[in-house]
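# A structural walkthrough
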Amino acid sequence: MRTHMCGELGSSDAGTRVRLCGWVSRRRDHGEHLAFVDLRDHSGITQCVVDGSVDVRSEWVISVEGTVRARPEGTVNAELATGEIEVVDCIVEVLGHAEPPPFPVDDRAETDESVRLRYRYVDIRRPRMQRNLRLRARVVEALRSAMVRQGFCEVETPLLWTPTPEGAREFTVPSRLHHGSFYVLPQSPQIAKQLLMVGGTDRYFQIARCLRDEDLRADRQFEFTQLDIEASFVSQEDIQGAITEAVADATEAAVGESPGEAERITWHDAMDRYGSDKPDLRFAMELLDIGQVFAGTSVRAFDAPCVKALLVRGGASLGRNRLDALVDRAKELGGKGLAWFKVTSTDPAAVDSPLDKFLGDAERAGLVSGTGAAEGDLVLVVADIWHTVCRVLGALRLDLGRPPITEGGRRFCWVTDFPLFDGVDDAGRPQAAHHPFTMPHPDDIDRLTSDPLSVRSQAYDLVLNGWELGSGSIRIHREDIQRQVFDALGISSGEAESRFGFLLGAFRYGAPPHGGFAVGIDRLVALLAGEGNIREVIAFPKTQSGTDPMTGAPKPVAETVLRDLGLRPIPKPG
RNA sequence: GGUCCUGUGGUGCAGCUUGGAGUGCACGCCGGCCUGUCAAGCCGGAGGUCGCGGGUUCAAAUCCCGUCAGGACCGCCA
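Please read these numbers as outputs of a predicted model, since none were measured by experiment.

When its secondary structure is counted, chain A shows 13 helices and 22 strands. Over its C-alpha atoms, taken along the principal directions, chain A stretches across nearly 90 × 75 × 55 Å. In chain A, of all internal contacts separated by at least 6 residues, the share reaching a separation of at least 24 is 66%. By element, 50% of the accessible surface of chain A is carried by carbon and sulfur atoms, the whole surface being about 27,700 Å². Of the charged side chains in chain A, 66 are positive and 85 negative; the average position of the first set lies 4 Å away from that of the second.

A word on the sheet that holds strand S20 (residues 459–464). Spatially, the 8 strands line up as an open sheet ordered S6-S9-S10-S22-S21-S20-S17-S11, and their pairing is mixed. A single partner strand is all that each edge strand has here, and the edge strands are strand S6 (153–154) and strand S11 (263–266). The strands touched by helix H6 (residues 267–274) are S11 and strand S17 (412–416); relative to S11, the strand with the most contacts, the crossing angle is about 90°.

This part covers the sheet that holds strand S14 (residues 339–346). Ordered by their spatial adjacency, 5 strands build an open sheet running S12-S13-S16-S14-S15, and the pairing between neighbours is antiparallel. Looking at the sheet topology across the chains shown, the edges are occupied by strand S12 (288–289) and strand S15 (349–352). With 2 bridges joining them, S12 and strand S13 (residues 306–312) adopt antiparallel strand pairing. Residue pairing across strands places Leu288 opposite Ala309, the latter belonging to S13.

Our focus in this paragraph is the protein's contact with RNA strand B. Around RNA strand B there are 47 residues in total, and Arg26, Thr75, Glu86, Asp215 and His434 lie nearest to it. Backbone atoms, meaning sugar and phosphate, make up 50% of the atoms of RNA strand B lying within 4 Å of the protein. Between RNA strand B and Asp29, the relevant distance is 2.7 Å, taken from a base nitrogen to a main-chain nitrogen or oxygen of the residue. Gln47 is positioned with one of its side-chain polar atoms (N or O) 2.8 Å from a base nitrogen of RNA strand B. Put simply, the parts of the chain that give the surface near RNA strand B at least two residues each are strand S1 (17–29), helix H1 (113–118) and helix H7 (320–332). Counting residues per element, the surface near RNA strand B draws most heavily on S1, which supplies 3 residues. A breakdown of the residues in the surface near RNA strand B according to their chemical character gives 10 nonpolar, 17 polar and 20 charged.

Where S1 and strand S4 (residues 61–70) come together, 7 bridges link them in antiparallel fashion. Across the sheet, Arg19 pairs through a bridge with Glu65, a residue of S4. Bridge analysis of S1 against strand S2 (residues 35–41) gives 6 bridges, and the strand direction is antiparallel. Residue pairing across strands places Trp23 opposite Arg40, the latter belonging to S2. Counting the residues that bridge the hairpin from S1 to S2 gives 5 residues, and of these Gly31 lies at a positive phi of roughly 105°.

A word on the nonpolar core. The biggest cluster of nonpolar side chains holds 65 residues, and the ones touching the most others in it are Val139, Leu227, Ile229, Ile243, Phe517 and Leu524. What Leu524 contacts, discounting residues up to four positions off in sequence, is Val139, Leu143, Val247, Ala250, Phe412, Leu464, Leu469 and Val519. Core analysis: the second largest hydrophobic core is formed by 34 residues, Trp267, Ala270, Cys306 and Leu323 among them.

With 16 residues, helix H9 (residues 386–401) extends 22 Å between its outermost C-alpha atoms, agreeing within 8% with the 22 Å of an ideal straight helix rising 1.5 Å per residue. Restricting attention to buried positions, one finds in H9 the residues Thr388, Val389, Cys390, Val392, Leu393, Gly394, Ala395, Leu396 and Arg397.

Attention shifts here to the packing of H6 against H9. Two numbers describe how H6 lies on H9: the axes approach to 7 Å, and their chain directions differ by 60°. The angle between the axes of H6 and H9 places the two elements in the oblique class. Contact residues: Trp267, His268, Met271, Asp272 and Tyr274 in H6; Trp386, His387, Cys390, Gly394 and Arg397 in H9. When its residues are assigned to classes, the contact of H6 with H9 shows 5 nonpolar, 3 polar and 2 charged.

Another aspect to go through is unusual backbone geometry. With the exception of glycine, most residues fall at negative phi, and the peptide bonds are largely trans. In this structure, the amide linkage connecting Asp347 to the following residue, Pro348, adopts the cis form with an omega of 0°. Its place among the elements puts Pro348 in the loop between S14 and S15. Cis peptide bonds are those with omega within 30 degrees of zero, and the linkage from Ala553 to Pro554 qualifies with 0°. Checked against the element boundaries, Pro554 lands in the loop between helix H12 (521–529) and helix H13 (559–565).

Moving on to the domain arrangement of chain A. Looking at chain A, the domain boundaries give domain 1 (11–96), domain 2 (129–261 + 413–559) and domain 3 (284–401). Relative placement of domain 1 and domain 3: their C-alpha centres are 62 Å apart.

How each quantity is defined
Residues numbered from 1 in each chain as written. Chains lettered and ligands numbered in written order. Predicted model: local features only at pLDDT ≥ 70, side-chain atom pairs only at ≥ 80, totals over all residues. Heavy atoms only, no water. Helix = DSSP H or I, 4+ residues; strand = E, 2+ residues; numbered from the N terminus. Contact = heavy atoms within 4.5 Å. Areas by Shrake-Rupley, 256 points an atom, 1.4 Å probe, with all protein chains shown as cover. Lys, Arg positive; Asp, Glu negative; His and termini not counted. Charge placed at Lys NZ, Arg CZ, Asp CG, Glu CD. Pairing = 2+ DSSP bridges. Axes fitted to C-alpha atoms, helices over the stretch in contact; angles between N-to-C directions. Near = heavy atom within 4 Å. Polar contact = N/O pair within 3.5 Å; in protein donor to acceptor, adjacent residues only side chain to side chain. Nonpolar A, V, L, I, M, F, W, Y, C, P; charged D, E, K, R; others polar. Core = buried A, V, L, I, M, F, W, Y, C linked by side-chain atoms within 4.5 Å. Buried < 20%, exposed > 50% of the residue type's maximum accessible area, 1.4 Å probe, protein only. Expected span 1.5 Å × (residues − 1). Parallel < 35°, antiparallel > 145°, perpendicular 65-115°, else oblique. Domains from an automatic or database assignment.

Now the structure itself:
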């Protein structure tokens with residue numbers, strides 16, 4: 001039907017008879033005898049010179065047969081990849097009419113996202129979405145071939161899985177053949193891939209869809225795609241090496257340059273220095289420990305186990321509204337408050353702050369020297385327990401210093417030595433930070449019973465520019481260690497058997513030491529595409545409230561469907 | 001569950017602070033003119049439940065309350 005794509009013709013094609021197909025991007029009509037039709041497909045745009053009597057409109061689907069020629073002197077368009085040539089002596093065939101599009105099919109005009117999603121098929125025609133979807137395809141191809149090259153075997157796992165209470169809320173699927181019983185859609189193929197290791201698969205990978213029924217965000221959809229891997233007889237460095245290689249290939253394929261060495265930082269250092277377990281290393285602005293300055297202070301707000309500061313260069317110019325907003329933000333994040341000090345002089349130290357009247361000269365001087373503040377800077381201080389201080393200041397650090405998504409390069413880093421447990425639940429029992437099969441750090445195993453919250457794990461995250469790209473761990477394959485971890489979690493053997501019996505059963509038949517990882521492909525692609533939102537790299541995403549404005553999903557189903565499934569809807573309370 | 005922002009012809013925005021006739025800009029759309037444009041140009045035209053509901057007022061796009069939708073964030077995401 002066509003001989004070339006619209007974006008590939010150049011001066012070397014002059015004289016060739018071609019046939020192109022696509023959408024009418026724009027028509028410039030000069031009257032009865034001359035009109036220019038810009039014909040567009042995903043590859044680009046070619047200018048066709050046609051008889052003005054040809055009736056075509058924006059977004060009509062047409063084919064054009066004509067002859068390529070170099071454009072006349074002075075009419076070359078340097079803005080256009082095909083601007084050296086045009087197609088003349090055109091025979092135009094209308095393949096399909098089109099109503100005027102609901103928004104311009106180009107990237108110039110910002111359009112409300114709900115309108116874009118309602119007409120996603122038009123939106124996808126725009127260069128931005130075409131670029132993103134094709135970049136995504138290259139990334140997935142690079143990831144897949146990197147895993148194959150490294151000896152990993154691609155295996156599919158079930159979408160209809162069994163409920164595993166704990167962790168993310170699962171999407172539940174009613175069984176037609178077994179009324180009152182349910183499958184769930186997997187939040188990840190975690191247990192399935194561990195069973196593959198018991199099965200001797202040795203090195204598994206999958207481009208896996210995962211589903212979690214949790215609230216949506218800019219970087220979270222109900223359904224997302226992971227590069228999921230698991231390998232036997234490996235250390236965490238082996239896993240990290242395999243993933244680093246795959247992700248480097250993907251970066252190369254997406255943006256044409258290699259990302260360079262991934263940095264490494266322990267979880268504790270990441271929290272302590274950047275206030276986050278997913279530090280954005282594109283900028284410094286590290287958290288500064290000024291506990292010494294306020295040791296034995298009379299300022300009650302600073303009488304806390306941990307006092308840290310954030311230095312905001314030039315921040316003294318922030319107005320009261322902005323500062324109040326920062327204080328509100330700190331409270332929203334769980335802090336008791338936020339102290340701010342505008343540095344008005346460094347020698348002698350002087351600050352403008354509601355708390356200034358409570359400070360001694362030594363504290364004032366320590367505040368300035370301890371943070372390296374200069375005149376005109378702003379110092380933000382949070383005092384609380386260590387974890388809260390880091391968390392609050394880490395979020396403020398991002399609010400105040402984070403570069404735009406497309407700037408600052410790509411700083412991959414591995415965050416290692418995550419804690420095994422993540423606080424305690426209402427009953428005072430430790431909660432698994434990653435999942436209950438995560439291997440404790442070898443140096444810490446003997447503290448599982450005596451001091452569980454201090455135990456590190458062999459769990460690790462891959463982080464890019466402050467986004468968690470994925471996480472993984474070495475798994476427990478020894479029954480005695482698993483027993484101890486279940487004990488620490490307060491899971492009885494009977495409970496463990498009923499929840500994970502099939503996995504524990506499998507482990508009794510010869511479980512190799514193993515570990516794995518999963519990379520969030522949507523996030524990786526978004527960052528590589530310079531998009532701050534994964535919806536921009538997903539063809540048909542959901543809105544923040546989990547709806548699809550195009551299809552209207554979710555929708556009620558017919559009474560008969562419910563009857564087949566043995567379901568009866570109950571009205572929402574209230 | 002919560003906080004904040006946004007909602008005005010098909011699209012993007014201004015108007016809202018300080019209430020006074022659906023006022024304005026750009027794009028698009030329809031018709032006409034036009035033989036080298038490329039975000040073509042010129043002339044003319046059509047197109048509105050100011051998200052929805054209520055309240056205050058002589059009078060509401062504008063102020064107040066509620067609600068819906070979209071977005072950002074907190075909770076949540078082992």
